[in-house]
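Residues per chain, in single letters:
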Amino acid sequence: MKNLKIWIKMAAGLGTIILLIAILSVLSSSLLNQINKETQALQNEYLPLQDIAVDLNNNILTIPALMNDYLLTGKKEIYTELEGVFQTVRQKFADMDALLEKYPHLNGGRTAKARESYEQLEKTIRASYETNEHFVTLRTEMISIGGELFKHVADVVATQNTMQEDALRARDMEELIRVAPLVRGVNSIQEQLSVIRTAMMRSLVEQDRSYSRDNVSVRFPALLKTGDAIVNDFRNPAILQSMKNLRAGVVDFRDVQDKMQTLWDEQEKLTAARAPAREATLSLMRQVAETADKMQNTAMVQVATAVNNAATVTMVICLITLLIAVGVGFGLTRSITGPVTKALHFAQAVAGGRLDQRLGLDRRDEIGQLSESLDSMVDSLNEKITDAEKKS
């Protein structure tokens, strides 16, 4: 160091400080990149699973709502939309399976159970759809049969009323006595049919089967009993055949409503089965999402610890760098100010008349050159003084 030029020493000191700063920057950048990589790895590992679980949860929640809308309105486009949701959910499950192949520790068998619960939910929904379509077909058939039946009974009532009016005009008391119960009977049949149809239509409109629950078990038997009680009292073969046809129509009307009630029972069972399947699926999806969230939080704590450790290491490196920079600066300063101070004291001594001293700095830099010049100056002064004393 003593043989180097001052500017070289300054450049070396500044270069050392710059090098230390560069090393510090590289280390800090490396630590930050590592932290970013770990954070990104956590996001790639856990966030997709959480997103899929959330999407599954949202789609599964829409399924019962869409099904209820379809059952209320009967619109096929709603069920078509529901089919799209089915496809989306199945695709999401496939995506989840593909993801969990990389991270089996997140599974724990819950996704298989969730898929099983969902498949049960989809199965009940599809069964409800098929049941409802069958129900709609029967409803159309029932309305058609009911319309024909009411038209038929209205014709019988009109015929009996005409016969009663003819008997009145003819003042045929025997005929009046015979026809009157038949008129009351067919009117009663018409009224009972009206009650049965009204009860069923109200059940359909209000989606409440309680109004028509007693049709098959109570009202239809009473209606058939009323018809059977008077059918043999008709003398007119055409009317007698009409009554037999009317009875057959009532039986068909009853059988259709009986089938509708059976489908209603099936639909209620399927509706009751949907809720547990849906809740089981959603519960398992929430568990998967919560597990991923917990593991992500744990990993984030680890990353935070790593960040703190990295910050500590960085601070230590900064402190060491600062100490080295201070040491380098102090060394450079001492290497310059020390000799300069000696030269100052030497010059002051020479100025005080002490020409017997020599600075004698063993250096090859500018200060060394200054030292040699000062020593030469003192030697030159001593020679001149000696010459002057000789001449005197």
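Because the structure is a prediction, the values reported are computed rather than measured.

With respect to the overall build of the chain
Regarding its fold elements, the chain presents seven helices and zero strands. N-terminal to C-terminal, the α/β element order of the chain is α-α-α-α-α-α-α. Looking at the chain as a whole, 35% of its 392 residues are labelled buried. A fraction of 77% describes how many contacts in the chain between residues 6 or more apart in sequence connect residues 24 or more apart. Per element, the accessible surface of the chain, about 22,600 Å² overall, is 57% carbon and sulfur.

Overview of unusual backbone geometry
Non-glycine residue Q207 carries a positive phi angle of around 55°. Here Q207 is to be found in the loop between α4 (173-206) and α5 (214-230). The partly exposed category is assigned to Q207, whose relative accessible area is 44%.

With respect to the confidence of the model for the chain
With 85% of its residues at a pLDDT of 70 or more, the chain shows a mean pLDDT of 80. Across the chain, the element-wise mean pLDDT spans from 73 in helix α1 (residues 6-73) up to 92 in α5.

Quick notes on helix α7 (residues 366-391)
An ideal rise of 1.5 Å per residue puts 38 Å on 26 residues; α7 measures up with 37 Å between its terminal C-alpha atoms. Regarding α7, the residues found buried are I367, G368, S371, L374, D375 and V378.

Some details on helix α2 (residues 76-102)
Between its first and last C-alpha, α2 extends 40 Å over 27 residues, near the 39 Å set by a 1.5 Å rise per residue. Along α2, the residues classified as buried are I78, Y79, L82, V85, F86, V89, F93, M96, L99 and L100.

Quick notes on the side chain of T131
As for its placement among the helices and strands, T131 is situated in helix α3 (residues 110-170). In contact with T131, other than residues within four places in its own chain, are L263, E266, Q267 and L270.

Description of the layout of surface pockets
Of the voids in this model, the largest pocket is the one considered here, and its volume is about 550 Å³. If you trace the largest pocket, you find 23 residues lining it, with L71, N132, Q207, W264 and Q267 closest to the centre. Elements supplying a minimum of two residues to the lining of the largest pocket: α1, α3, α4 and α6 (237-351). In terms of residue class, the lining of the largest pocket is built from nine nonpolar, eight polar and six charged.

Structural notes on the packing of α2 against α3
Across the interface, α2 lies against α3 with an axial gap of 12 Å and an inter-helix angle of 165°. The angle between α2 and α3 places the two elements in the roughly antiparallel class. For the crossing formed where α2 meets α3, the hand is left-handed. Contacts from K76, Y79, L82, E83, F86, V89, R90, F93, A94, M96, D97 and L100 of α2 reach α3 at T111, A114, R115, Y118, E122, I125, R126, Y129 and E133.

Describing the environment of N57
You can see N57 is positioned in helix α1. What makes N57 buried here is its relative accessible area of 18%. Considered as a pair, N57 and M285 are 228 residues apart in the sequence and their alpha carbons are 6.8 Å apart. Those residues within four positions of N57 in sequence are excluded, and the remaining contacts are L282 and R286.

Some remarks on the packing of α4 against α5
Where α4 meets α5, the axes come as close as 9 Å, and the angle between the chain directions of the two elements is 165°. With respect to α5, the axis of α4 lies roughly antiparallel. The handedness of the crossing between α4 and α5 comes out as left-handed. Residues L182, G185, V186, S188, I189, Q192, L193, V195, I196, A199 and M200 of α4 form the contact with α5, whose own contacting residues are N215, R219, F220, A222, L223, T226, G227 and I230.

Digging into a nonpolar patch on the surface
Taken together, L319, L322, L323 and V326 make up a surface patch of nonpolar side chains, about 390 Å² in accessible area. With respect to the helices and strands, L319 occurs in helix α6.

A few points about the pattern of salt bridges
With the rule as written, the count across this model stands at twelve salt bridges. The salt bridge partner of R202 is E206, with a shortest N-O separation of 3.1 Å. Linking R202 with E206, this pair stays in helix α4, spanning four residues, or about one helical turn. Overall, the relative accessible area of 41% leaves E206 in the partly exposed class. One salt-bridge network, held together by shared partners, links E83, R90, E122 and R126.

Parameters at a glance
Residues numbered from 1 in each chain as written. Predicted model: local features only at pLDDT ≥ 70, side-chain atom pairs only at ≥ 80, totals over all residues. Heavy atoms only, no water. Helix = DSSP H or I, 4+ residues; strand = E, 2+ residues; numbered from the N terminus. Buried < 20%, exposed > 50% of the residue type's maximum accessible area, 1.4 Å probe, protein only. Contact = heavy atoms within 4.5 Å. Areas by Shrake-Rupley, 256 points an atom, 1.4 Å probe, with all protein chains shown as cover. pLDDT = per-residue confidence, 0-100. Expected span 1.5 Å × (residues − 1). 1 Å grid on protein atoms, 1.4 Å probe; cavity = no way out; pocket = protein on both sides within 12 Å on 5 of 7 lines; lining within 4 Å. Points joined across faces, edges and corners; volume = space filled by probe spheres on them. Nonpolar A, V, L, I, M, F, W, Y, C, P; charged D, E, K, R; others polar. Axes fitted to C-alpha atoms, helices over the stretch in contact; angles between N-to-C directions. Parallel < 35°, antiparallel > 145°, perpendicular 65-115°, else oblique. Left-handed = near helix turned anticlockwise from the far one by under 90°. Patch = residues over 30% accessible without salt bridge, like charges linked within 9 Å, V, L, I, M, F, W, Y side chains within 5 Å. Salt bridge = Lys/Arg side-chain N within 4 Å of Asp/Glu carboxyl O.

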